[in-house]
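Read off the chains here:
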Amino acid sequence: MAKDGKSTVMPRLRFSEFREAWEEHELGEFLTESRISGNDGSVAKKLTVKLWGNGVFEKAETIKGSASTQYYKRKAGQFIYSKLDFLNQAFGVIPDHLDGYESTVDLPCFDVGVGLNSQFLLKYVQRKDFYKRFGEIADGGRKAKRIQVEPFFSFPIAIPKKTEEQQKIADCLTSLDEVIAVQGRKVAALKAHKRGLMQQLFPREGETLPRLRLPEFQNAGEWASEELSRCLKNVIDYRGKAPPKSNSGIPLITAKNVRFGWLDMTNDEYIEEGEYGNWMSKGIPQAGDILFTTEAPLGNVALFPSTGKFALGQRIITLRSRTENCLPEFLFQSLLGPRMQEEIDFHGTGSTARGIKSAVFVKISFCYPGIEEQRRIADCLTALDGLIVAQTQKLEALKTQKKGLMQQLFPSLEEV
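Given the structure is predicted, the values throughout are model-derived calculations rather than measurements. (Residues numbered from 1 in each chain as written. Predicted model: local features only at pLDDT ≥ 70, side-chain atom pairs only at ≥ 80, totals over all residues. Heavy atoms only, no water.)

**Details of the nonpolar core**
Buried together is how nonpolar side chains tend to be arranged in soluble globular proteins. Counting residues in each nonpolar core, the largest one holds 40 residues, and the members touching the most others are Phe-79, Tyr-81, Phe-86, Phe-130 and Phe-152. Dropping the residues within four chain positions of it, Phe-152 is found in contact with Leu-27, Leu-31, Phe-79, Tyr-81, Phe-86 and Phe-110. Core analysis: the second largest hydrophobic core is formed by 37 residues, Met-198, Leu-228, Leu-336 and Phe-361 among them. (Core = buried A, V, L, I, M, F, W, Y, C linked by side-chain atoms within 4.5 Å. Buried < 20%, exposed > 50% of the residue type's maximum accessible area, 1.4 Å probe, protein only. Contact = heavy atoms within 4.5 Å.)

Structure follows, in structure tokens:
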């Protein structure tokens, strides 16, 4: 307890020059809502706060806003959040280049008073255990989860007395954010490069020759074009009743685990060991088989794991290629390509949740070259996938490092 009666806490990790305990306050002690009247919605230069801590940006509008909506001018350095998307980490600090831009009362802005660094505040509220805990308390269980200003002012915050420590923490985390952003751009550039390469390496709709062909196959002739079924040895459709889920047992691959080109098994689900044989009676996939989601989401593709025992859930079909016609690695890459994705989307049905029946899917037109050309294309794209995976793993490691660092640089909310 501090001399002024404020409760005190200590983070687990400190910069060596700082030793004093942190004091607990309410946000309202430092923040003043700014309401400088601006223009109406038809002429205001608008800004918006992106979700998940992605900052404040100019709002792109194709249609003018309402002349009956009042906007308020915002200043560089002010703290801003979205009432509606508080639980989606929609926080930011107005950057210099958006000084004078405007928002409605649904994106309230605050002048930050003496004793609290705005960037420190931003890092503090971006922690999931902060915005989820206090946001869920404040929204009162309403369907529209708007976090109003008054409850926000009452949220607790623990801060070091010296603003120099606040600044140092903010600088440390901002530097790490910049490294993460650079790594994120590297991953995005590799993915964009692959998309562009695939547009060149595979023929477009109605064509049987790619725009870009490897030198040794320049005179190899046109690619074959026929129903996908001609290149498949086996197709197993796992649609139907829900699988018998359990808290443990055999890992279950569901449609939500099948991402665009990879499997995400972080949200583990299971079926009981004793149910496996009965549930998988339609057939058990093997290494090299391709998983394809027929609905929710439509058109995601991943390879069945080469090791381990797995069960498959609903809305997935497995494809086993006829290797004398088509290599599984080439089929996998083809299904990720723009031509096949356009075909899948074209033959899909439904407005809200688009889907495709396996009988329709296997009749989609499929274009492919000879085996050796397939192998070279697949090897090229698989090597690029390896780079993307490696860089993505670096990105995830940096995000994990930041999360761990924030847990130590700020006091635990259980203590506050």
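After presenting the structure, the write-up continues.
**Remarks on the side chain of Glu-269**
Here Glu-269 shows up in the loop between β16 (250-253) and β17 (270-271). A polar atom in the side chain of Glu-269 sits 2.6 Å from the side chain of Lys-245. A polar side-chain atom of Glu-269 sits 3.1 Å from a polar atom in the side chain of Lys-256. When sequence neighbours within four positions are dropped, the list of residues in contact with Glu-269 reads Lys-245, Ile-250, Pro-251, Leu-252, Thr-254 and Lys-256. (Helix = DSSP H or I, 4+ residues; strand = E, 2+ residues; numbered from the N terminus. Polar contact = N/O pair within 3.5 Å; in protein donor to acceptor, adjacent residues only side chain to side chain.)

**Some remarks on the packing of helix α1 (residues 118-125) against helix α4 (residues 163-201)**
Think of two packed helices as two axes; the pair is described by the angle between the axes and how far apart they sit. With their axes 8 Å apart at the nearest point, α1 and α4 run at an angle of 60 degrees to one another. Where α1 crosses over α4, the handedness of that crossing is left-handed. Two secondary-structure elements touch here, α1 through Gln-119, Phe-120 and Lys-123 and α4 through Gln-166, Ile-169, Ala-170, Leu-173, Thr-174 and Asp-177. Here the residues of the contact of α1 with α4 sort into 4 nonpolar, 3 polar and 2 charged. (Axes fitted to C-alpha atoms, helices over the stretch in contact; angles between N-to-C directions. Left-handed = near helix turned anticlockwise from the far one by under 90°. Nonpolar A, V, L, I, M, F, W, Y, C, P; charged D, E, K, R; others polar.)

**Quick word on the sheet that holds strand β9 (residues 91-93)**
A sheet is described by the order of its strands in space; here 4 strands give the open sequence β3-β11-β8-β9, paired in antiparallel fashion. Each having just a single partner strand, β3 (31-34) and β9 make up the two edges of the open sheet. In this sheet, adjacent strand axes meet at a mean angle of 30 degrees when their direction is disregarded. Here 4 bridges tie β3 to strand β11 (residues 109-112), and the two strands are oriented antiparallel to one another. The partner of Ser-34 across the bridge, within β11, is Cys-109. (Pairing = 2+ DSSP bridges.)

Scope: geometric values only; no functional claims are made or implied.
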